[in-house]
Amino acid sequence: MTWDVFSLIGTAAFAISGAIVAMEEDFDMFGVYILGMVTAFGGGAVRNVFIGVPVSVLWGQGLFFIVASILIGIIFFFSGYLLKTWNRWGSYFDAIGLAAFAIQGALMAVEMHMSMFAIVAAAVLTGAGGGVIRDLLAGRQPLIFKSDIYAVWAALAGLIVGFDTYVHDVSLYLLLAITAALRMLSIKFHWQLPQRSLLGK
């Protein structure tokens, strides 16, 4: 049940995120749906390849596809106000999607009795993979590579899940809130990892 809840939260958040980015780049309706779907399900597909789960299992998530389709449609047809507030709200949707999918990916790896490294990797791939694919298809530099701290929070969430320190599902929802909040604080206060340029900038 918990895994499904996190899947639903992540799917909804990233479907909205992908759709709005597509509209910012002036994609047509078909392109908006494609980018929204790829953002919502791309991270899970990459994770499945990494941990040896058939990618085809994604096609069994009928409810999530319906939810994503409805949300993308709402964004497309009622986007006037949403696009004006994307800089504020879009980052929140992305942060929620990152946190939810990071925890969901880690939970899947734990259930498969994988190593700690695999659990953390599954969290990062699931949490950030969809966003990376979204940005690349939209012709943007992925947030994970040059932005305020992003994937580190997914890795941290995966590490906590991997240690199996939670004793109740409430702990996982608290972890979701904390992970999303840390991502939002990174944006607000411009927390960044050290960078090194070879161009002497």
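Residues numbered from 1 in each chain as written. Predicted model: local features only at pLDDT ≥ 70, side-chain atom pairs only at ≥ 80, totals over all residues. Heavy atoms only, no water.

Under an unreviewed UniProt entry, the protein has the name Trimeric intracellular cation channel family protein and belongs to Sporosarcina aquimarina. Recorded in UniProt under Subcellular location (unreviewed entry), the annotation for the protein is "Cell membrane". (UniProt positions renumbered as here; feature names shortened; annotations may be inferred.)

Engineer: Even after reading the chapter, I still don't get the pattern of salt bridges, so can you show me in this structure?
Structural biologist: For side chains of opposite charge, pairing can occur when their charged atoms come near one another. Evaluation of the coordinates by the stated rule reveals four salt bridges. The shortest N-O distance in the salt bridge between Glu-25 and Arg-140 comes to 2.9 Å. You can see Glu-25 sitting in the loop between helix H1 (2-24) and helix H2 (29-51) and its partner Arg-140 sitting in the loop between helix H6 (116-137) and helix H7 (151-162), a full 115 residues away along the chain. By relative accessible area, which is 32% here, Glu-25 ends up partly exposed. The salt bridge involving Asp-135 is made with Arg-134; its shortest N-O contact spans 3.0 Å. What makes Asp-135 buried here is its relative accessible area of 4%. Put simply, Glu-24, Glu-25 and Arg-140 are held in one network by salt bridges that share partners. (Salt bridge = Lys/Arg side-chain N within 4 Å of Asp/Glu carboxyl O. Helix = DSSP H or I, 4+ residues; strand = E, 2+ residues; numbered from the N terminus. Buried < 20%, exposed > 50% of the residue type's maximum accessible area, 1.4 Å probe, protein only.)

Engineer: Looking at this structure, how should I read the packing of H2 against H6?
Structural biologist: Remark: H2 packs on H6, axes separated minimally by 7 Å, with the N-to-C direction vectors making an angle of 145°. As H2 runs across H6, the sense of the crossing is right-handed. Contact with H2, carried on its side by Leu-35, Val-38, Thr-39, Gly-42, Gly-43, Gly-44, Val-46, Arg-47, Phe-50 and Ile-51, involves Phe-117, Ala-118, Ala-121, Ala-122, Leu-125, Thr-126, Gly-129, Gly-130, Ile-133, Arg-134 and Leu-137 of H6 and no other residues of that element. When the residues that make up the contact of H2 with H6 are grouped by side-chain class, the tally is 12 nonpolar, seven polar and two charged. (Axes fitted to C-alpha atoms, helices over the stretch in contact; angles between N-to-C directions. Left-handed = near helix turned anticlockwise from the far one by under 90°. Contact = heavy atoms within 4.5 Å. Nonpolar A, V, L, I, M, F, W, Y, C, P; charged D, E, K, R; others polar.)

Engineer: Teacher, can you tell me more about empty space enclosed by the protein here?
Structural biologist: Gaps left between atoms show up when a probe the size of a water molecule is rolled over them. Counted by the stated rule, this structure contains one cavity of 30 Å³ or more. Taken as a whole, the largest cavity holds about 70 Å³ of empty space. Ser-7, Thr-11, Ala-40, Phe-41, Gly-44, Arg-47, Leu-58, Gln-61, Phe-101 and Gln-104 are the residues that line the largest cavity. For the lining of the largest cavity, the secondary structure elements donating two or more residues are H1, H2 and helix H5 (86-111). If one sorts the elements of the lining of the largest cavity by residue count, H2 sits on top with four residues. (1 Å grid on protein atoms, 1.4 Å probe; cavity = no way out; pocket = protein on both sides within 12 Å on 5 of 7 lines; lining within 4 Å. Points joined across faces, edges and corners; volume = space filled by probe spheres on them.)

Engineer: Sorry if this is basic, but what is going on with the side chain of Asp-94 here?
Structural biologist: Note on placement: Asp-94 falls in helix H5. Here Asp-94 falls in the buried class, since its relative accessible area comes to 4%. One polar contact links Asp-94 to Tyr-150, side chain to side chain, over a distance of 3.0 Å. Ignoring sequence-local partners within four residues, the contact set of Asp-94 consists of Phe-14, Ser-17, Arg-134, Leu-143 and Tyr-150. (Polar contact = N/O pair within 3.5 Å; in protein donor to acceptor, adjacent residues only side chain to side chain.)

Engineer: Looking at this structure, how should I read the nonpolar core?
Structural biologist: Side chains of a nonpolar character, in soluble globular proteins, are inclined to be buried together. Residues Phe-6, Ile-103, Leu-107, Tyr-150, Val-161, Leu-172 and Leu-176 are the most contacted members of the largest nonpolar core, which totals 30 residues. Secondary structure elements with two or more residues in this core: H1, H5, H6, H7 and helix H8 (169-189). With 10 residues, the top contributor of residues to this core is H5. If you look at the next biggest cluster of nonpolar residues, it comprises 17 residues, including Ala-15, Met-23, Phe-41 and Ala-138. (Core = buried A, V, L, I, M, F, W, Y, C linked by side-chain atoms within 4.5 Å.)

Engineer: Looking at this structure, how should I read a nonpolar patch on the surface?
Structural biologist: A contiguous nonpolar surface patch, about 620 Å² in accessible area, is contributed by Met-29, Ile-66, Ile-70, Ile-74, Phe-77 and Phe-78. Looking at the nonpolar patch element by element, the count peaks at four residues for helix H3 (residues 62-77). For Ile-74, the position within the fold is in helix H3. (Patch = residues over 30% accessible without salt bridge, like charges linked within 9 Å, V, L, I, M, F, W, Y side chains within 5 Å. Areas by Shrake-Rupley, 256 points an atom, 1.4 Å probe, with all protein chains shown as cover.)

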